[in-house]
Protein chains: 2
Amino acid sequence: MIRFSTRGEYGLRMMMDLARHYGAGPESLTEIARHEALPPAYLEQLVGGLRKAGLVNSRHGAHGGYELARPPAQISVGEVMRVLEGPISPMVCATEGESEILCERQTFCSANVVWERVRDSVAQALDSLTMADLIPPRESQIIRRDHDTINVQAVASPATEGRKATRV
Amino acid sequence: MIRFSTRGEYGLRMMMDLARHYGAGPESLTEIARHEALPPAYLEQLVGGLRKAGLVNSRHGAHGGYELARPPAQISVGEVMRVLEGPISPMVCATEGESEILCERQTFCSANVVWERVRDSVAQALDSLTMADLIPPRESQIIRRDHDTINVQAVASPATEGRKATRV
DNA sequence: CTAATTCCGAGTGCGTTAGTAGGATATAGA
DNA sequence: TCTATATCCTACTAACGCACTCGGAATTAG
C-alpha cells in the first residue's frame, strides 16, 4: 500500500548520482543511466521536470549533460520527490496545497484526520533529508579503520541521523 | 504521489460506521453502504478480508450483518489499513515484514533509507490512532452549549488530538 | 416458505504506469 | 565545415492494477 512509482525511485537515484558527481562538471544521461542501470530514454523524461523545476542545469551538445543547480546539502529529498511525483496526497481530499473542497463529506468526514496525519508525516520524513544525507561523504571513501576498509554504506547511514537543520 | 486506494478509504469508512454502531447488534451491508454512500457489492469484497482478519464478526441470514469484533478503542487504524491495503511499502525494497533481498543493489542503495523512513513514519501515524479516535464520543451527541447545539464534527476534531495512549 | 442476508469467485472497462520511438536543435573538437 | 555527442520534445503503446459488477450458493428470522 501507499507506494511510490518508479518515477520517484529512478529520479531520486539519478539525483543521487548527480550529487556524487557534484563539482566535476556536467554528467551525461548515458553515464547516469549506466551507473544506475536504468533506461536512458525514460530518465530523459524525468530529468526534464527536474530541470524545469530548477533543480538541475543542463548543457547542450558534445561533452554536455546535467549537474545539480545547488549543492547537495541545499536540495531536500522532499523537493525532489514533489517534482517527480507531484504533491503529497495519500487521498485526493488531503492533497498538499489544495484548499478546494472536493467531496461534500469532507468537512465532517473524520477519516480526513487520518489522511492528513499520514500526509504530514510523509512530508516531514522527506523534507528532513537532503541529497547530501544520501551520499557517502567524500572523506569516508579514503578513511580506513584498524581492521578493514570502511564500506561506504556503513558510513552513510549514521550520517543521515546526525544531520543539522536545513537552511534552504 | 503515494496514494491510498479506495479499498483503504471505503474500508476505513465502513469500520467507522461499524464503530458508531458498536454495541447495538449487527449492521447489514445495505445499511452501511447507504450511510456512507458507497457501492454495497464492493464493500462486500472488503469486509470479507476484515472478517478473515478477525476485526469484524458476521451473522448470516435475515437481521444479520456485521459488528466490530473488539471495542473501537482496541482496534488501531494501522491494523485496519494493513488488512485492506497490505503491508506498508513505499517501495518494494522497503516492505514491512519482508527481509528478503529483492534487488541486488539493496545492500548499498542509500535511497533505501528514504523509503524506510517514510514507511516507518506512515506506520507510526496509522498505529497511533484507534477507531475510537475517529468517531465522535457518545456524550457529545447530547451535550448542548449556551448558544447552540454542538455539531458532532466540531467535537470530534479536538478529541483526536487529546487522546490518551493506546494499550492494545 | 420467503425475504433478507452473508459468502464466494469470476469477469470487465478504464485509467495509469513504464516505458519506446523518432526527430529537431545545440555544441565540442577534428 | 563536418561529425559525433548531447539535450530537448512530443507522441505512441503494451501491460497492469483498480474499481467495480454479476451470478449464484448457503444461512437464518419471522
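Nothing here was measured: the structure is a model prediction, and the numbers come from that model. (Residues numbered from 1 in each chain as written. Chains lettered and ligands numbered in written order. Predicted model: local features only at pLDDT ≥ 70, side-chain atom pairs only at ≥ 80, totals over all residues. Heavy atoms only, no water.)

**Thoughts on the packing of helix α2 (residues 29–36) of chain B against helix α3 (residues 40–52) of chain B**
Residue and element names in this part refer to chain B. Short version of the rule: Here the axes come from fitting lines to C-alpha atoms, over the contacting stretch only for helices, and the angles between their N-to-C directions go from 0 to 180 degrees. Runs of E in the DSSP output that reach at least two residues are strands. Runs of H or I that reach at least four are helices, and both are numbered from the N terminus. Take the far helix as the reference: if the near one is turned anticlockwise from it by less than a right angle, the crossing is left-handed, and if turned clockwise, right-handed. Here, two residues are considered to be in contact whenever any of their heavy atoms come within 4.5 Å of each other. Ten residues, namely Ala, Val, Leu, Ile, Met, Phe, Trp, Tyr, Cys and Pro, are considered nonpolar, four, namely Asp, Glu, Lys and Arg, are considered charged, and the remaining ones, Gly among them, are considered polar.
Interaxial distance between α2 and α3 falls to 9 Å at its minimum, and their mutual angle equals 115 degrees. When the axes of α2 and α3 are compared, the crossing they make is right-handed. Only Pro40, Leu43, Glu44 and Val47 of α3 make contact with α2, whose side of the interface consists of Leu29, Ile32 and Ala33. A per-class count over the contact of α2 with α3 returns six nonpolar, no polar and one charged.

**Some remarks on the packing of aromatic side chains**
Remark: the centre distance and the inter-plane angle together describe each pair of aromatic rings, the angle taken between the planes. This is how it is decided: Side-chain rings of Phe, Tyr and Trp, where Trp is taken by its six-membered ring, are said to pair if the distance between their centres is within 6.5 Å; with planes under 30 degrees apart they count as stacked, over 60 as edge-to-face, and otherwise as tilted. Buried residues are those whose accessible area, probed at 1.4 Å on protein chains only, stays under 20% of the maximum for their type, while exposed residues exceed 50% and partly exposed ones sit between those limits.
Applying the stated criterion across every chain yields a total of four aromatic pairs over all chains. Here the aromatic rings of Trp115(A) and Phe4(B) are separated by 5.3 Å at their centres, their planes lie at 45 degrees, and the arrangement is tilted. Linking Trp115(A) in helix α5 (residues 111–127) with Phe4(B) in the segment before α1 (6–20), this pair reaches from one chain into another. The exposure class assigned to Trp115(A) is buried, which follows from its relative accessible area of 1%.

**Remarks on empty space enclosed by the protein**
What counts, and what does not: Both site types are read off a 1 Å grid over the protein atoms alone. A 1.4 Å probe that fits but cannot get out defines a cavity, while an open set with protein on both sides within 12 Å along at least five of seven lines defines a pocket; lining residues have an atom within 4 Å of a point. Grid points are joined across faces, edges and corners, and a volume is the space filled by probe spheres set on the points.
What the rule picks out here adds up to two cavities of 30 Å³ or more. The volume enclosed by the largest cavity comes to roughly 50 Å³. Every residue lining the largest cavity is listed: Cys93(A), Cys103(A), Arg105(A), Cys109(A), Trp115(A), Glu9(B) and Arg13(B). Here the residues of the lining of the largest cavity sort into four nonpolar, no polar and three charged. Approximately 30 Å³ is the volume found for the second largest cavity. Considering the residues around the second largest cavity, the lining is formed by Leu18(A), His21(A), Tyr22(A), Gly23(A), Gly25(A), Glu27(A), Tyr66(A), Glu67(A) and Leu68(A). It is strand β2 (residues 65–68) of chain A that provides the largest number of residues to the lining of the second largest cavity, a total of three residues. Among the residues making up the lining of the second largest cavity, the classes are represented as four nonpolar, three polar and two charged.

**Regarding the pairing of strand β1 (residues 56–59) of chain A**
Residue and element names in this part refer to chain A. We count it as follows: Pairing between strands is defined by DSSP: at least two bridges between the two strands are required.
By the bridge criterion, four bridges tie β1 to β2 in an arrangement that is antiparallel. Across the sheet, Ser58 pairs through a bridge with Tyr66, a residue of β2. If you look at the hairpin formed by β1 and β2, you'll find five residues sitting between the two strands, and Gly61 has a positive phi there, around 70 degrees.

**A look at the interface of chain A and chain B**
Basically, it comes down to this: Reported buried area values correspond to the accessible surface (1.4 Å probe) lost by two parts on association, with both partners' losses combined. Salt bridge, as used here: a side-chain nitrogen of Lys or Arg that lies within 4 Å of a carboxyl oxygen of Asp or Glu. Polar contacts, as used here, are pairs of N or O atoms within 3.5 Å; protein pairs need one atom able to donate a hydrogen and one able to accept it. Residues neighboring in sequence count only if both atoms are side-chain atoms.
In this complex, chain A contributes 45 residues to the contact, which on the side of chain B involves 44 residues. Three residues, Met1(A), Ile2(A) and Arg117(A), lead the burial of chain A against chain B; their summed loss comes to 20% of the area buried on that side. Our count for the chain A to chain B interface comes out at zero salt bridges. Connecting chain A to chain B are 14 residue pairs in polar contact (both at pLDDT 80 or more). Going through the elements one at a time, α1 (6–20), α2 (29–36), α4 (77–85), α5 and α7 (152–161) of chain A are the ones with two or more residues in the side of chain A that touches chain B. Looking at the side of chain A that touches chain B element by element, the count peaks at ten residues for α5(A).

**Observations concerning the protein's contact with DNA strand C**
Spelled out, the test is: Residues are classed as near a molecule or strand on a simple rule: at least one heavy atom within 4 Å of it.
In the vicinity of DNA strand C lie 23 residues, with Tyr10(A), Leu29(B), Glu44(B), Arg51(B) and Ser58(B) positioned nearest. Sugar and phosphate atoms form 64% of the subset of DNA strand C atoms that lie within 4 Å of the protein. Residue Leu29(B) places a main-chain N or O atom 2.9 Å away from a phosphate oxygen belonging to DNA strand C. Glu44(B) is positioned such that a nitrogen or oxygen atom in its side chain is 2.5 Å from a base nitrogen of DNA strand C. In the surface near DNA strand C, the residues fall into eight nonpolar, twelve polar and three charged.

**Here we look at the confidence of the model for chain A**
Counted only if it meets this: Per-residue confidence from the predictor is reported as pLDDT, which spans 0 to 100.
On average, residues of chain A score 84 in pLDDT, and 81% of them are at 70 or above. pLDDT under 50 marks residues 140–168 of chain A. Its contacts with residues more than four places away, or in other chains, come to 28 contacts.

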